[in-house]
Amino acid sequence: MKALENPGNPAPATASRLRLGIAGFGTAGRSMLPAIAAHPGCELVAIADASHSLREEIGGALGAAVYPSLASMLDHRDLDAVYIATPTELHLEHVLLAVAAKKHVLVEKPMAENLQRAMAMAVAAEEAGLVCLVGHSHGYDMPVKAMRDLIVGGTLGRVRMVNTWCYSDWMHRPRRVDELDVRLGGGVTYRQGSHQFDILRLLCGGMVRSVRAKTFDWRAERRGIGAHMVFLDFEDGAAATAIYNGYGGFDSAALCFNIGESGFSQPPRTGPRPGADGPRMSVQEELRAKQERARNANWGPSPHPPFFGLTVVSCERGDIRQSPQGLTVYTDEGQRDIPLATDRSPRDLVLAELYDAISRKAPALHDARWGLANLEVCDAAIASSASGSEVLLRHQVRVRPGA
Ligand SMILES: NC(=O)c1ccc[n+]([C@@H]2O[C@H](COP(=O)([O-])OP(=O)(O)OC[C@H]3O[C@@H](n4cnc5c(N)ncnc54)[C@H](O)[C@@H]3O)[C@@H](O)[C@H]2O)c1
């Protein structure tokens with residue numbers, strides 16, 4: 001394999017591996033470790049995190065150099081790309097720093113707190129000729145890819161209607177304060193809607209014409225947008241809805257064979273709604289609980305495909321939904337199951353897309369313009385709910401052919 005492309009700081013001619021740094025080693029940052037370990041062309045060389053205690057904890061355990069800031073990590077000698085997994089309000093600053101240091105970038109979703117800031121990232125990366133991908137999102141889940149392949153295959157006719165429902169306890173998981181602040185890209189429309197809108201745009205071709213939405217903030221003990229209903233009208237006449245309720249009552253895993261968003265079986269929740277059991281933790285306690293949860297999460301390959309709630313696709317000649325082993329397709333000829341491999345996690349696919357975009361110059365699906373278009377839907381949903389009107393979109397892009 002030839003040397004990696006790294007403008008301004010060319011990799012040595014012998015280099016065949018993508019040398020990655022992670023900025024922000026929390027829930028998202030840690031989640032990429034199994035994918036990096038599994039990819040034969042990738043190597044984790046550096047980690048930057050502002051938390052002293054976290055840096056002490058990591059020490060040399062992962063075989064990567066550890067830095068207190070992204071700026072200091074960017075001086076690391078052999079670094080090709082940076083995975084930016086810091087809080088959303090830092091993404092712009094961190095993408096600009098990485099791009100100025102001529103590093104390719106994978107930035108977490110949501111790309112930024114608003115469209116203007118996302119635009120600044122996209123333009124900076126494009127002008128520098130660097131790869132900028134926005135991931136991970138559940139758009140990388142294998143069932144979504146398989147649905148997309150079926151739609152593109154054409155036997156089911158045009159996609160006309162897609163509905164996706166996710167009911168979870170997102171609002172009541174341990175959080176940093178900013179994660180619930182809509183001005184900082186917090187709340188379910190930015191944080192979880194960005195997954196849903198990615199899925200819906202992938203399945204319907206990408207070009208959302210307009211958005212009408214209602215967002216909700218109905219629990220006094222946990223302020224922030226906790227639920228939404230979003231209607232997406234696509235340019236070609238297709239339409240989609242995204243329903244999200246993060247208040248922890250009904251769990252959509254009950255509609256999904258009790259399989260959760262990482263593809264593992266989860267027992268049905270029977271206890272009281274979270275948040276119903278008295279006073280909340282202090283900010284510090286909540287942060288510690290969040291770090292503990294991140295340490296224990298399992299992001300590797302799973303026994304089942306991941307279920308980010310239930311998604312049903314309706315095409316002219318049939319419907320598609322996820323099943324415990326893959327997809328079920330309903331047509332005039334009957335019902336059939338399509339099994340899907342689960343040996344590669346969605347994060348394996350994110351990393352593969354990054355690697356291929358850098359080393360093989362492969363066209364990327366989740367590039368900065370795609371991420372920006374997803375964020376435009378988030379912004380529009382919140383604006384539509386505030387104004388009570390339909391919002392027309394201007395920055396949509398099609399699913400890139402060949403990506
Ligand atoms: N794709 C997904 O499924 C997914 C899941 C979780 C989070 N996210 C996204 O990842 C981003 C981070 O969220 P999280 O839940 O991992 O947060 P987190 O709080 O778990 O982790 C953030 C980490 O960044 C560190 N940090 C803060 N400021 C920093 C700075 N200036 N320099 C270096 N490190 C700094 C913190 O110490 C912390 O360890 C958000 O944009 C979020 O939307 C995505």
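Each value, and the rule that gives it
- Residues numbered from 1 in each chain as written.
- Predicted model: local features only at pLDDT ≥ 70, side-chain atom pairs only at ≥ 80, totals over all residues.
- Near = placed C-beta within 6 Å.
- Helix = DSSP H or I, 4+ residues; strand = E, 2+ residues; numbered from the N terminus.
- Nonpolar A, V, L, I, M, F, W, Y, C, P; charged D, E, K, R; others polar.
- Domains from an automatic or database assignment.
- Axes fitted to C-alpha atoms, helices over the stretch in contact; angles between N-to-C directions.
- Parallel < 35°, antiparallel > 145°, perpendicular 65-115°, else oblique.
- Contact = placed C-beta atoms within 7 Å.
- Buried ≥ 20, exposed ≤ 12 C-beta atoms within 10 Å, placed from the backbone.
- Pairing = 2+ DSSP bridges.
- Core = buried A, V, L, I, M, F, W, Y, C linked by C-beta atoms within 7 Å.

Q: Which residues make up the site of the ligand, and what values do they have?
A: Surrounding the ligand, one finds 26 residues, the nearest of these being G24, G26, T27, A28 and E108. Elements with a contribution of two residues or more to the shell around the ligand: α1 (27–31) and α10 (283–296). When residues of the shell around the ligand are assigned to their parent elements, the largest contribution, three residues, is made by α1. Classifying every residue of the shell around the ligand gives eleven nonpolar, nine polar and six charged. Both domains that meet at the shell around the ligand, namely domain 1 (18–137) and domain 2 (138–347 + 375–392), each give it at least three residues.

Q: Please give an account of the packing of helix α5 (residues 91–100) against helix α6 (residues 115–128) that cites residues and values.
A: Where α5 contacts α6, the two axes come as close as 10 Å, and the packing angle between them is 5°. Taken together, the axes of α5 and α6 are roughly parallel relative to one another. Here L92, V95, L96 and V99 of α5 come into contact with α6, specifically with R117, A120, M121, A124, A125 and A128. Partitioning the contact of α5 with α6 into residue classes produces nine nonpolar, no polar and one charged.

Q: I'd love a proper account of the environment of V134, names of residues and values included.
A: Along the chain, V134 falls in strand β6 (residues 132–134). Overall, the presence of 34 C-beta atoms within 10 Å leaves V134 in the buried class. A sequence separation of 26 residues divides V134 from E108, and the C-alpha atoms of the two residues are 5.8 Å apart. Setting aside its immediate chain neighbours within four residues, V134 contacts V107, K109, M111, H366, A368, W370 and G371.

Q: Describe in detail the environment of L150, supporting the description with residues and values.
A: Its location among the elements puts L150 in helix α7 (residues 142–153). Accessibility expressed as a C-beta count within 10 Å gives 20 for L150, which makes it buried. Taking the C-alpha atoms as reference points, L150 and I320, 170 residues apart in sequence, are found 9.0 Å from one another. Each residue touching L150, except ones within four places of it in the same chain, is listed here: L156, I320 and V329.

Q: How would you sum up the sheet that holds strand β4 (residues 81–84)? Please name residues and give values.
A: Strand order across the open sheet formed by six strands is β3-β2-β1-β4-β5-β6, with parallel pairing between neighbours. Edge positions in the sheet fall to β3 (65–67) and β6, since each has one partner strand and no second. Adjacent strand axes in the sheet meet at a mean angle of 25°, parallel and antiparallel pairs treated alike. Across four bridges, β4 lies against strand β5 (residues 104–107) in parallel orientation.

Q: Explain the sheet that holds strand β13 (residues 326–331) to me, and be specific about the residues and the numbers.
A: Hydrogen bonds between backbone groups are what pair the strands of a sheet, and the pairing can be parallel or antiparallel. Ordered in space as β14-β13-β12-β11-β7-β10-β9-β8-β15, the nine strands form an open sheet in which the pairing is mixed. Each edge of the open sheet carries a strand with a single partner, namely β14 (334–339) and β15 (391–392). In the sheet, strand β7 (residues 159–167) pairs with strand β10 (residues 239–245) via seven bridges, with the strands oriented parallel. Bridge pairing in β10 links W165 to I243.

Q: Which residues make up the nonpolar core, and what values do they have?
A: I84, V105, M121, C132, L203 and L354 are the most contacted members of the largest nonpolar core, which totals 110 residues. No other element matches helix α12 (residues 368–387), which puts ten residues into this core. Both domains that furnish three or more residues to this core are identified here as domain 1 (18–137) and domain 2 (138–347 + 375–392). Filtering out sequence-adjacent residues up to four positions away, C132 remains in contact with V95, V105, V107, M121, A122, A125, D367 and A368.

Q: Any chance you could break down the domain arrangement of the protein for me, citing the residues and the numbers?
A: Domain parsing of the protein yields domain 1 (18–137) and domain 2 (138–347 + 375–392). Taken together, the 21 residues of domain 1 in the interface contact 26 residues of domain 2. When contributions to the side of domain 1 that touches domain 2 are tallied by element, the ones reaching two or more residues are α1, α2 (33–38) and α6. Per-element tally for the side of domain 1 that touches domain 2: the top contributor is α1, with three residues.

Q: Go over the pairing of β10 with me, naming the residues and quoting the values.
A: Pairing analysis gives seven bridges linking strand β9 (residues 227–234) to β10, with the strands arranged antiparallel. Bridged to F231 within β10 is T241. Where β9 hands over to β10, the hairpin turn is made up of four residues, of which G237 adopts a positive phi near 95°.

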